[in-house]
Amino acid sequence: VTITTRLLVSHLSGIRHYEKDITKVKEEKEKANTALKLTKSHQDKEQKEKEGKRIEKTDYVKQKKGDDGETKSRNSKPGRNDKEFEQEEYYLKEKFQSVIESLKIFKNDPLFFKPGDQFLYSTYGFTLLSAVVERASGQKFTDYMLKMFHDLDMLSTVLDDNEAMIYNRARCYVYNKKGRLVNAPYVDNSYKWAGGGFLSSVGDLLKFGNALLYSYQAGQFKNRNGKLLPGYLKPGTVAMMWTPVPKTEVTWDRDGKYAMAWAVVEKNQQYGCCRQQRHYASHTGGAVGASSVLLILPEELDPEDLSTWPVAPPRGVIVTIICNMQSVSLNSTALKIAREFDKEKQAQ
């Protein structure tokens, strides 16, 4: 088979995640699909109600159950489940000297499916992707990334190296089986730098989001005699990264699809004065003792504003949340915050 970098970045490679048993993965996918069907059934009932059809009281009870399923679906992570942190490989303590060396964890394991056929969220797919970056750049992956963070002025973003003295490093927490707050267990994330091995701050993630949003919108603005600098990435590159990829899925947001390392929701509105779906990109993060989210809601630009100085990119709302607690669902909270700021902006 052939595995391309595009398949890796969209989680279509067939490379396993932490779960080694394909039977268990299929069972979890079937449960997720069942929950999605229940949500769809609830949406169909709502549509019938709009069309003036009578809904029995018993159906309302079923709708409330559907709402609960929808909430769980919105707050879960892509391709993950509540038992994810029971996987042993989350708690590796071995220190790897290079991303090439860390490939030994999964390189001899069979693929779960033919590359390109199905979606399976895979941290190890990004480990292989980091090895590709290392060989293509001719630099250690970690050196390459730290140079990029420096270019983006993300000076607080560093490797999660247990031995290094890192200023303001947060202590991480988990709940034990008795529901009590305890310190997170010791882990070494050198086996997955690309998929969960960096420490950052809210300020740095906002800079990262702004750099992407600027790059995305820069091509829509006139250059104004050279006053507008180019973005860190080409506008077409970010647009490609934020374009849904066929056969992908996102369980944390029922409106979304997976793109290239991002979950994206496309603009959509079916009826006047009804629910409006805005275009945005987001991604959650989950690690031992920590949770995070970065959400980018681009402003819907008026063509007339694009030629009026001093209006310039980035235009939109960016929300990032980092907490030193494991298994906290943050995407829906980030979206609510973004919408509130967007409403305030439109009202001005």
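The residue numbers shown here count from 1 along each chain, following its written sequence. Side-chain atom pairs in this predicted model are given and counted only at pLDDT of 80 or more, local residue features only at pLDDT of at least 70, and totals for whole chains, interfaces and linings cover all residues. Values reported for side chains reflect all heavy atoms of the structure, with hydrogen atoms and water molecules removed beforehand.

As annotated in an unreviewed UniProt entry, the protein chain carries the name LACTB protein and is attributed to Callaeas wilsoni.

Draft legend 1. Here's a closer look at the overall build of the protein chain. Within the protein chain, the secondary structure is distributed over 10 helices and 9 strands. When the 348 residues of the protein chain are sorted by exposure, 40% land in the buried category. Put simply, 67% of the contacts in the protein chain that link residues at least 6 apart link residues at least 24 apart. Note on areas: these come from Shrake-Rupley sampling with a 1.4 Å probe, and a residue is covered only by the protein chains present in the view. Accessible area of the protein chain: about 20,200 Å², with a carbon and sulfur share of 52%. Starting at the N terminus, helices and strands are each numbered in turn, a helix being any DSSP run of H or I of at least four residues and a strand any DSSP run of E of at least two. Burial classes: relative accessible area under 20% of the type maximum marks a residue as buried, over 50% as exposed, and values in between as partly exposed (1.4 Å probe, protein chains only). We call two residues in contact whenever any of their non-hydrogen atoms come within 4.5 Å of each other.

Draft legend 2. Seen up close, a nonpolar patch on the surface. Where nonpolar side chains cluster on the molecular surface, the patch consists of V1, I3 and L111 and spans about 260 Å² of accessible area. Locating I3 in the fold gives a position in the segment before α1 (5-9). Given the relative accessible area of 31%, I3 is considered partly exposed. The patch calculation keeps residues exceeding 30% relative accessible area without a salt bridge and links them within 9 Å when they carry like charges or within 5 Å when they are nonpolar (Val, Leu, Ile, Met, Phe, Trp, Tyr). When a carboxyl oxygen of Asp or Glu is within 4 Å of a side-chain nitrogen of Lys or Arg, the pair counts as a salt bridge.

Draft legend 3. Fine view of the pattern of salt bridges. All told, the structure shown has 14 salt bridges when counted by the stated rule. As a salt-bridge pair, D160 and R169 come within 3.3 Å of each other at their nearest N and O atoms. Here D160 falls in the buried class, since its relative accessible area comes to 16%. With relative accessibility at 31%, the residue R169 sits in the partly exposed group.

Draft legend 4. Spotlight on the side chain of Q277. Note on placement: Q277 falls in the loop between β6 (263-265) and β7 (280-287). Given a relative accessible area of 11%, Q277 falls into the buried group. Among the polar contacts listed, one links the side chain of Q277 to the backbone oxygen of E266, at a separation of 2.7 Å. In this view, Q277 contacts D255, V265, E266, K267 and N268; residues no more than four positions away in its chain are not counted. Identification of polar contacts relies on pairs of N or O atoms within 3.5 Å, with a donor-acceptor requirement for protein atoms, meaning one able to donate a hydrogen and the other able to accept it, and with residues adjacent in sequence counted only if both atoms are side-chain atoms.

Draft legend 5. Quick peek at the nonpolar core. Of all hydrophobic cores here, the largest spans 43 residues; its most connected members are Y124, L212, W242, W262 and I296. Broken down by secondary-structure element, the contributors of at least two residues to this core are α1, α5 (123-137), α6 (141-151), α8 (202-218), α9 (235-241) and β8 (290-298). If we skip the residues at most four places from it in the chain, Y124 touches I15, R16, H17, Y18, E89, I105, F106 and Y191. To define a nonpolar core, start from buried Ala, Val, Leu, Ile, Met, Phe, Trp, Tyr and Cys residues and group those joined through side-chain atoms within 4.5 Å. With 12 residues, the next largest nonpolar core counts V293, V319, L330 and L335 among its residues.

Draft legend 6. View of the sheet that holds strand β9 (residues 316-323). A sheet is described by the order of its strands in space; here 5 strands give the open sequence β5-β6-β7-β8-β9, paired in antiparallel fashion. Since the sheet does not close on itself, it has two edges, and those belong to β5 (257-258) and β9, each with one partner. Strand contacts of α8: β8 and β9, with the helix running at about 150 degrees to β9, the strand carrying the most contacts. Should DSSP find at least two bridges between two strands, the strands are taken to pair. For helices, the fitted axis covers only the stretch in contact; all axes are lines through C-alpha atoms, and the angles between them, taken along N-to-C directions, range from 0 to 180 degrees.

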